[in-house]
Number of protein chains: 2
Amino acid sequence: MTIGELARRTGCGIETIRYYEHEGLLPKPGRTSGNFRCYGQEHAELLSFIRNCRSLDMALNEIRILLRFRSAPDENCGAVNALLDTHIGHVEERIAELQSLESQLKALRDKCRSGRSAEHCGILQGLGGAPDDRDASGDNHVPRTHSTKR
Amino acid sequence: MTIGELARRTGCGIETIRYYEHEGLLPKPGRTSGNFRCYGQEHAELLSFIRNCRSLDMALNEIRILLRFRSAPDENCGAVNALLDTHIGHVEERIAELQSLESQLKALRDKCRSGRSAEHCGILQGLGGAPDDRDASGDNHVPRTHSTKR
DNA sequence: TAGACACCCTGTAGTGACTACAGAGTCAAG
DNA sequence: CTTGACTCTGTAGTCACTACAGGGTGTCTA
């Protein structure tokens, strides 16, 4: 199948498929005489695996590790468990951060319920003080609040 | 004060301060005879404002809007309220997504409690199916699960 | 006055996971 | 034979920084 068909089947963008190939997550497929990539069922399954992992917010490097286990069926899967546990930890951490964020934002929002002039806007004033030292941690690969998903 | 002192006072990296200047969030400061940037109290306050906004996970473009209101005290602050409401919406959305993620990850983790061989690992098998169409939305600027904070 | 050392300067490149082109080639239908 | 949909490679852009390289400045001590 062509790259476009693979994209349609998996719900993955064409550029993303080429990107995964470039990153070594997907093996290089065969080519037609006209140099078009041609994929088989096994590529579709592999790509679904990758997209499932991504929809669980795993980083490509984590997925790389899982792929190694997927293709080495005799190894002990303890490392798979550990990877997932770490990842769950990251997600939990990020949820806690965002919840704290949310309550801070709502408290801020409550400072200005009316359409008064910016000069007296409680929100702008609330943002002006000395910076809190909320969250300065450093090794959670789970992104922050603003991202664009396709 | 020098850039290093400003950095120390606000808990912001030196490179980040130069970056904000380059992005037009901080006005260009004066310079000493030796070409060192020199900052005053108003810069420190402005930078604190920006860092507060960032610690609330606002995007630089959102902060730019707030800064315009901060320096135009006579305008009506309704847009400030709207911006914050939108941002709170993004954060709430992201929390909901992550919570769904968390329960999926935990369900997956329960599929393999033992150190069996990867061939029979329930996690790897669970990741293999057709991709769910969980979250395909597109305009939430709140990042995903993996990020590096300073 | 010399040297050491901390600090600062500009500019460029890297991060992660894509996304968006430009400019060209391929293929099937009408 | 033309149209139009699809594909190719390669490069640059996204966001909010971070990390250099290669140089200059300022202050303190010997």
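A look at the environment of His 43 of chain A
All names here are of chain A. Mapped onto the fold, His 43 is located in helix 3 (residues 41–55). Its relative accessible area of 8% is what places His 43 among the buried residues. Each C-alpha atom of the pair His 43 and Arg 54 lies 16 Å from the other, and the pair is 11 residues apart in sequence. Other than its neighbours up to four places away in sequence, His 43 contacts Leu 6, Leu 26, Pro 27 and Pro 29.

Let's talk about helix 4 (residues 60–70) of chain A
Think of an α-helix as 3.6 residues a turn; residues three or four steps apart then line up on the same face. Residues and elements named next belong to chain A. For helix 4, the set of buried residues is Leu 60, Glu 62, Ile 63, Leu 66, Leu 67 and Phe 69. Down the axis of helix 4, the sector holding all buried residues measures 165 degrees, keeping them to one side. The exposed residues of helix 4 that point more than 90 degrees off its buried face are Asn 61 and Arg 68.

Considering the confidence of the model for chain A
When pLDDT is averaged across chain A, the result is 81; 78% of the residues are at 70 or more. Across residues 133–138 of chain A, confidence stays below pLDDT 50; counting only partners more than four residues off in sequence or on other chains, it has 12 contacts.

Observations concerning the pattern of salt bridges
Inspection of every chain in the model, using the stated rule, returns 15 salt bridges over all chains. For Glu 15 of chain A, the salt bridge is made with Arg 18 of chain A, and the minimal N-O distance between the two is 3.8 Å. Here Arg 18 of chain A and Glu 15 of chain A lie together in helix 2 (residues 14–22), a separation of 3 residues that amounts to about one turn. By relative accessible area, which is 59% here, Glu 15 of chain A ends up exposed. Put simply, Glu 23 of chain B and Arg 64 of chain B hold a salt bridge, and the shortest N to O gap is 4.0 Å. With Glu 23 of chain B in the loop between helix 2 (14–22) and strand 1 (30–31) and Arg 64 of chain B in helix 4 (residues 60–70), this residue pair connects regions lying 41 residues apart in the sequence. Note on Glu 23 of chain B: relative accessible area 27%, which makes it partly exposed. Taking relative accessible area as the criterion, Arg 64 of chain B reaches 26% and is therefore assigned partly exposed. Beyond isolated ion pairs, a larger network of salt bridges with shared partners links Glu 92 of chain A together with Glu 102 and Lys 106 of chain B.

Topic: the nonpolar core
Among the nonpolar cores identified, the biggest contains 76 residues, and Ile 17 and Leu 66 of chain A together with Ile 17 and Leu 66 of chain B are the most heavily contacted of them. Residues contacting Ile 17 of chain B, with those up to four places away along its chain left out, are Ile 3, Leu 6, Ala 7, Cys 12, Leu 26, Tyr 39 and Leu 47 of chain B.

Notes on unusual backbone geometry
Backbone geometry follows two general trends: most residues other than glycine have a negative phi, and most peptide bonds adopt the trans configuration. Residues and elements named next belong to chain B. Of note, the phi angle at Asn 35 is positive, near 75 degrees, even though the residue is not glycine. Judged by relative accessible area, Asn 35 falls into the partly exposed class, the value being 49%. A positive phi is found at Asp 57, a non-glycine position, where the angle reads about 65 degrees. Structurally, Asp 57 is set in the loop between helix 3 (41–55) and helix 4.

Digging into the packing of aromatic side chains
Residues and elements named next belong to chain A. Counted by the stated rule, this structure contains 2 aromatic pairs over all chains. Between Tyr 19 and Tyr 20, the aromatic rings sit 6.0 Å apart at their centres with planes inclined by 45 degrees, giving tilted as the arrangement. Assessed through its relative accessible area of 41%, Tyr 19 is described here as partly exposed. Its relative accessible area of 3% is what places Tyr 20 among the buried residues. Here the basic side chain of Arg 70 rests over the ring of Phe 49, its NZ or CZ set 4.9 Å away from the ring centre.

Basis of the calculations
Residues numbered from 1 in each chain as written. Chains lettered and ligands numbered in written order. Predicted model: local features only at pLDDT ≥ 70, side-chain atom pairs only at ≥ 80, totals over all residues. Heavy atoms only, no water. Helix = DSSP H or I, 4+ residues; strand = E, 2+ residues; numbered from the N terminus. Buried < 20%, exposed > 50% of the residue type's maximum accessible area, 1.4 Å probe, protein only. Contact = heavy atoms within 4.5 Å. Arc of directions from axis to C-beta. pLDDT = per-residue confidence, 0-100. Salt bridge = Lys/Arg side-chain N within 4 Å of Asp/Glu carboxyl O. Core = buried A, V, L, I, M, F, W, Y, C linked by side-chain atoms within 4.5 Å. Phe/Tyr/Trp six-rings, centres within 6.5 Å; stacked < 30°, edge-to-face > 60°. Lys NZ or Arg CZ within 6 Å of the ring centre and 35° of its normal.

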